[in-house]
Amino acid sequence: MSRPASLQSNVIRPTRPSDEEVVGRIAYQTGFFGDSAARYFPDSELFAALWAGPYFQGAGAGCYVAEAGGEVLGYVLGAPEHERYQAALRRVVARRLSSSWPTRRTLLSLRYLLRVARFPSPHASWAAFPAHLHLNLLPAARGLGLGRRLLEAHLAALQGLGVGGVQLSTTAENRAALGLYRTLGFEVVASRRTPLWTPWLRHEAEHLAMARRLDGGPIPAQG
Ligand SMILES: CC(C)(COP(=O)(O)OP(=O)(O)OC[C@H]1O[C@@H](n2cnc3c(N)ncnc32)[C@H](O)[C@@H]1OP(=O)(O)O)[C@@H](O)C(=O)NCCC(=O)NCCS
């Protein structure tokens, strides 16, 4: 893949409220195993609101973007408290419901949301690992070390806040993410074969929960 030379002079900086739109756009562009979520979720605005909104609407902490030449290339979003995240998500949903009529794209996207409810992702104990995160880069920005720098910045912020542990969800297919998370101390704590993406992927996936203690405590054995 050819990369613009400008990508080399990049910076990692904390998110600003004005980043919500571009971060939501990147979430959508990378929301299907690193490719566009368009194939399973036609409503890009709803996707952005649900996947990026809560972190900008009260739940996020230690969120950063990678930027080069004034262009945002990717982000790490995280919420250190699960209940606060859920409350922010509920607010985002309530605002959407009261402010816009569902379009055909919205209705077509409901299929995926129903599948998420039916095939939930595995997760670690929220008591032991109250924080969770998302990390995504545009294709041209991958493999440059930005993912590692974003994640290191986020973990340092969580440690500064005194958060005990952090978890995330990924799949066994995502070699780059697995490699990165493992090198930064995450371990697989739960896994489940899932048909969640089968209509679009054409096969089942192995859904993984990975977690890392931030206070030196042990990682509980997989249940
Ligand atoms: C996963 C992702 C965040 C990694 O960020 P990145 O900037 O590409 O990765 P880095 O260049 O910082 O590499 C860090 C480590 O990741 C692993 N890694 C990165 N690319 C890899 C690849 N193509 N294959 C295997 N491992 C890879 C390696 O362990 C690497 O460490 P090393 O450089 O010491 O070998 C990025 O590729 C991405 O956004 N992918 C698409 C979206 C996604 O999958 N997000 C994660 C969802 S859980």
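These numbers come from a predicted model, not from an experiment.

Parameters and conventions
Residues numbered from 1 in each chain as written. Predicted model: local features only at pLDDT ≥ 70, side-chain atom pairs only at ≥ 80, totals over all residues. Heavy atoms only, no water. Near = heavy atom within 4 Å. Polar contact = N/O pair within 3.5 Å; in protein donor to acceptor, adjacent residues only side chain to side chain. Areas by Shrake-Rupley, 256 points an atom, 1.4 Å probe, with all protein chains shown as cover. Axes fitted to C-alpha atoms, helices over the stretch in contact; angles between N-to-C directions. Helix = DSSP H or I, 4+ residues; strand = E, 2+ residues; numbered from the N terminus. Parallel < 35°, antiparallel > 145°, perpendicular 65-115°, else oblique. Left-handed = near helix turned anticlockwise from the far one by under 90°. Contact = heavy atoms within 4.5 Å. Nonpolar A, V, L, I, M, F, W, Y, C, P; charged D, E, K, R; others polar. Phe/Tyr/Trp six-rings, centres within 6.5 Å; stacked < 30°, edge-to-face > 60°. Buried < 20%, exposed > 50% of the residue type's maximum accessible area, 1.4 Å probe, protein only. Lys NZ or Arg CZ within 6 Å of the ring centre and 35° of its normal. Core = buried A, V, L, I, M, F, W, Y, C linked by side-chain atoms within 4.5 Å. UniProt positions renumbered as here; feature names shortened; annotations may be inferred.

Notes on the site of the ligand
L137, G143, G145, G147 and N174 are the nearest of the 20 residues found near the ligand. Note that a nitrogen atom of the ligand is positioned 3.3 Å from one of the side-chain N or O atoms of N136. One of the backbone N or O atoms of L137 is found 2.8 Å from an oxygen atom in the ligand. The protein chains hide 68% of the 920 Å² of surface that the ligand would expose on its own.

Let's talk about the packing of helix α1 (residues 20–29) against helix α2 (residues 44–59)
One can describe the packing of α1 onto α2 by two numbers: an axis separation of 8 Å at closest approach and a directional angle of 125°. By the angle between their axes, α1 is oblique relative to α2. Taken as a pair, α1 and α2 cross one another with a handedness that is right-handed. From α1, E20, V23, G24, A27 and Y28 reach across to α2, where they touch S44, F47, A48, A52, G53, F56 and Q57. Here the contact of α1 with α2 is built from residues that sort into seven nonpolar, four polar and one charged.

Some details on the packing of aromatic side chains
One pass over the full model with this rule turns up 16 aromatic pairs. Pairing Y28 with F47 gives two aromatic rings, centres 5.4 Å apart and planes at 70°, and the pair type is edge-to-face. On the criterion of sequence distance, the pair formed by Y28 in helix α1 and F47 in helix α2 is long-range, its members being 19 residues apart. The pair Y28 / F47 is uniform in exposure class, with both members buried. Look at F41 and W51: their rings are 5.6 Å apart centre to centre, the planes differ by 80°, and that puts the pair in the edge-to-face class. In this pair, F41 is assigned in the loop between α1 and α2 and W51 in helix α2, connecting sequence segments 10 residues apart. Residue F41 is classed as buried on the basis of its relative accessible area of 0%. When its relative accessible area of 26% is taken as the criterion, W51 is described as partly exposed. Cluster of aromatic residues (ring-pair linked, three or more members): Y28, F32, F33, Y40, F41, F47, W51, Y112, W197 and W200. Geometry around F129 places R213 over its ring, the cationic atom sitting 5.4 Å from the centre.

Remarks on the nonpolar core
The nonpolar side chains of a soluble globular protein tend to be buried with one another. Membership of the largest hydrophobic core comes to 32 residues, with the highest contact counts inside it found for V23, Y40, F41, L77 and W197. For this core, the elements supplying multiple residues, two or more each, are α1, α2, β3 (71–79), α3 (82–99) and α7 (198–201). Counting residues per element, this core draws most heavily on α2, which supplies seven residues. Setting aside residues up to four positions removed in sequence, Y40 forms contacts with G31, F32, F47, Y112 and W200. One finds Y64, L146, L151 and L180 within the second-largest nonpolar core, a separate group that totals 31 residues.

Some thoughts on the UniProt feature "domain: N-acetyltransferase" (unreviewed entry) in the protein
The UniProt entry lists residues 10–215 under the feature "domain: N-acetyltransferase" (unreviewed entry), expressed in the numbering used here. Here residues 10–215 runs as 42% helix and 24% strand, with 31 Å between its end C-alpha atoms.

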